[in-house]
Amino acid sequence: MLPSATPDGYSIACLEYPFPGDPAVSAEIIVALHAIVGDAGLKTGDTDTESFLTDWHGQYRGRSLAVVMPETTEQVSQVMALADAHDIVVVPQGGNTGFMGGATPDDAGNSILLSLRRMNRIREIDATNMSMTVEAGCVLQTLHDTTEKQGLYFPLNLAAKGSCTIGGNLGTNAGGLNVVRYGTTRELTLGVEVVLMGGRILNLLGGLRKDNTGYDLRHLFVGSEGTLGVITAATMKLFPQPVARATSFAEVRDVSAAVELLHRLQAASGGGVEAFELIPADILHVVFHHFPEIPQPLATRGAMNVLMEIGSSNPASGIADDSGETPLQTIMQETLATAFEDGLVIDATIAASEAQRRALWDVRENAPESHKRSRGVARSDISLAQSSLAPFYEDMVAAVKTVDPTIRICGYGHLGDGNLHFNLVADERSNSEFDSKKDQLYELIYEHVAKYNGSISAEHGIGQTKRAQLAKVKAPEVLDVMRAIKASIDPKNLMNPGKVI
């Protein structure tokens, strides 16, 4: 006979969530979880768990036995040991800002949703080694603010930086705005701490930039979307804080002109390009429709535009000369002037203040939210060689127009590293049934990505949204190796099943 309360007063009777299977066994598991994480670390009622069990876009809604929020790596280990002993599925979650449903459980209700949000300590900042060791629940914006106070820079930069966590960034190998200069999350990672199913802790932390002692397991877990283990902490690279930037918004002739402009700016700045974002007219329309308070960068909305930024940690780069321009602004101005003469650039503006810079970035950073507010959207996160970007874009515009000429073609994003968020958005004035065309639109996108030897996922991951598509585009031999890795580390398939493979 199960008691109505544990010795420390946690009442089983107060639980609102229905237990799957044997209620007595489920209740015993809840009591055991409570003993590990306490009141603050356990959520079971529908009201308390709703935000954890629904993804950011509201596309997926799952059920779980409980939402468990450990505070230490040892608590994670104990939870994982308990889950292994009772064959309970574990779904790790960071800030729950992902796009692919990778952190949402299914509706079986027999899983533990393991939220790392309470593991939010910065364990160490080693300024001499230019590294920091942080726990998985640290919010990205917090890492920016903390390192900036010490004159250092953590360059991973996403639109969701105010709510996404470094654990989630690691799980999906997030890219973001500054990949062109600093690389993806994987390239910023020096080491990780991982808890495996059963409770084993792999301490792969450390600030070494070279360690050639066998298989580099950190790269195995970064980008694995919680399907192999739970990343609880990581050691990340730091850089000198940029103290000067030059930011410009320019209308360009077309995508090929944008790529050429990128190469010219890279050469002129000595590799100082920190961000280079493609912004077509359709995405300007969608952003300004939902955010009319954002000022338009140029007098007219050009068919194709770029938002670009160069930076330097050299203080002299930010000192204005007699003309009022800094050296970086001069580089930007001269590069744009030459590109204008050569017909690559049609119009441009250079931010003269931090306020103007922020206004330009508002256009780009509000793009994801503007799509969320739209009547319908088919999202994609593709990667192409820079040489393929222009022909891919031209082919896709023609193909989409044959399906529905009113669709807003918002192929925007990180041109500097070949990553486009080629989103197709329903026009607010159209009466067409957009949802009925989504499958056809996705087929067109993936067909053309394959034609140009690209990737169906650049930084958002596979999750559950793209799992079927991954099976179509990956070679069988590659999938076999991926399954073998999964089976060797998680033989019971308890770590975030139904995701990736």
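Everything below is about the structure shown above.
Residues numbered from 1 in each chain as written. Predicted model: local features only at pLDDT ≥ 70, side-chain atom pairs only at ≥ 80, totals over all residues. Heavy atoms only, no water.

## Here we look at the packing of helix α9 (residues 255–268) against helix α14 (residues 386–403)
- One way to put it is that α9 packs onto α14 with a least axis distance of 8 Å and a crossing angle of 160°. As the angle between them shows, α9 and α14 are arranged roughly antiparallel. The way α9 lies across α14 gives a crossing that is right-handed. For the pair α9 and α14, contact is made by V255, S256, V259, L262 and H263 and by Q386, L389, A390 and Y393, respectively. (Axes fitted to C-alpha atoms, helices over the stretch in contact; angles between N-to-C directions. Helix = DSSP H or I, 4+ residues; strand = E, 2+ residues; numbered from the N terminus. Parallel < 35°, antiparallel > 145°, perpendicular 65-115°, else oblique. Left-handed = near helix turned anticlockwise from the far one by under 90°. Contact = heavy atoms within 4.5 Å.)

## Things to note about the sheet that holds strand β8 (residues 189–195)
- Read across the open sheet, the five strands follow the order β5-β6-β10-β8-β9; overall the sheet is antiparallel. Only two strands of the sheet have a single partner each, and these edge strands are β5 (122–126) and β9 (201–204). Strand-to-strand twist across the sheet, computed as the mean angle between neighbouring axes with direction ignored, equals 10°.
- Sitting on the sheet, helix α3 (residues 73–86) touches β5, β8, β9 and β10 (230–237), and the angle it makes with β8 is about 45°.
- Together, β5 and β6 (131–135) form the strand contacts of helix α4 (residues 140–149), whose direction differs from that of β5 by roughly 40°. (Pairing = 2+ DSSP bridges.)

## Notes on helix α10 (residues 281–290)
- Burial analysis of α10 places eight of its ten residues in the buried class, the great majority of the element.
- Those residues of α10 that fall on the buried side of the exposure criterion are D282, I283, L284, H285, V286, V287, F288 and H290. (Buried < 20%, exposed > 50% of the residue type's maximum accessible area, 1.4 Å probe, protein only.)

## A few points about the sheet that holds strand β4 (residues 111–115)
- In space, the four strands of this open sheet follow the order β1-β2-β4-β3, with mixed pairing throughout. With partners counted over all chains shown, the strands left at the sheet margins are β1 (42–43) and β3 (89–93), one partner each.
- Sheet topology note: the strand β2 (residues 66–68)/β4 ladder contains three bridges and is parallel. Looking across to β4, one finds that A66 is bridged to I112.

## Some remarks on the environment of V259
- Tracing the backbone shows V259 in helix α9.
- Through-space distance from the C-alpha of V259 to that of V306 is 9.8 Å; in sequence the pair is 47 residues apart.
- Apart from the residues lying within four places of it in its own chain, the contact partners of V259 are Q386, L389 and L415.

## Considerations on the packing of aromatic side chains
- Tallied over the entire structure, the rule returns seven aromatic pairs.
- Pairing Y153 with Y182 gives two aromatic rings, centres 5.7 Å apart and planes at 70°, and the pair type is edge-to-face. Here Y182 lies in helix α6 (residues 179–182) and Y153 lies in strand β7 (residues 152–153), a separation of 29 residues in the sequence. Each member of the pair, Y153 as well as Y182, carries the same accessibility label: buried.
- For the ring pair Y182 and F239, a centre distance of 4.9 Å and an interplane angle of 65° mean the geometry is edge-to-face. In this pair, Y182 sits in helix α6 while F239 sits in strand β11 (residues 239–240), placing the two residues 57 residues apart along the sequence.
- F239 sits in the partly exposed class, given a relative accessible area of 22%.
- Connected via pairs of aromatic rings, a cluster forms that spans F392, Y393, F422 and Y452.
- Taking the ring centre of W56 as reference, the NZ or CZ of K372 above it sits at 4.1 Å. (Phe/Tyr/Trp six-rings, centres within 6.5 Å; stacked < 30°, edge-to-face > 60°. Lys NZ or Arg CZ within 6 Å of the ring centre and 35° of its normal.)

## Structural notes on the pattern of salt bridges
- Across all of its chains, the model carries 27 salt bridges by this definition.
- We note a salt bridge from R357 to E309, for which the minimum N-O separation is 2.6 Å. Pair noted here: R357 is in helix α12 (residues 354–365) and E309 is in strand β14 (residues 304–312), with a separation of 48 residues, a long-range link.
- Through salt bridges with shared partners, a single network forms among R181, R245, E274, E309, E354 and R357. (Salt bridge = Lys/Arg side-chain N within 4 Å of Asp/Glu carboxyl O.)

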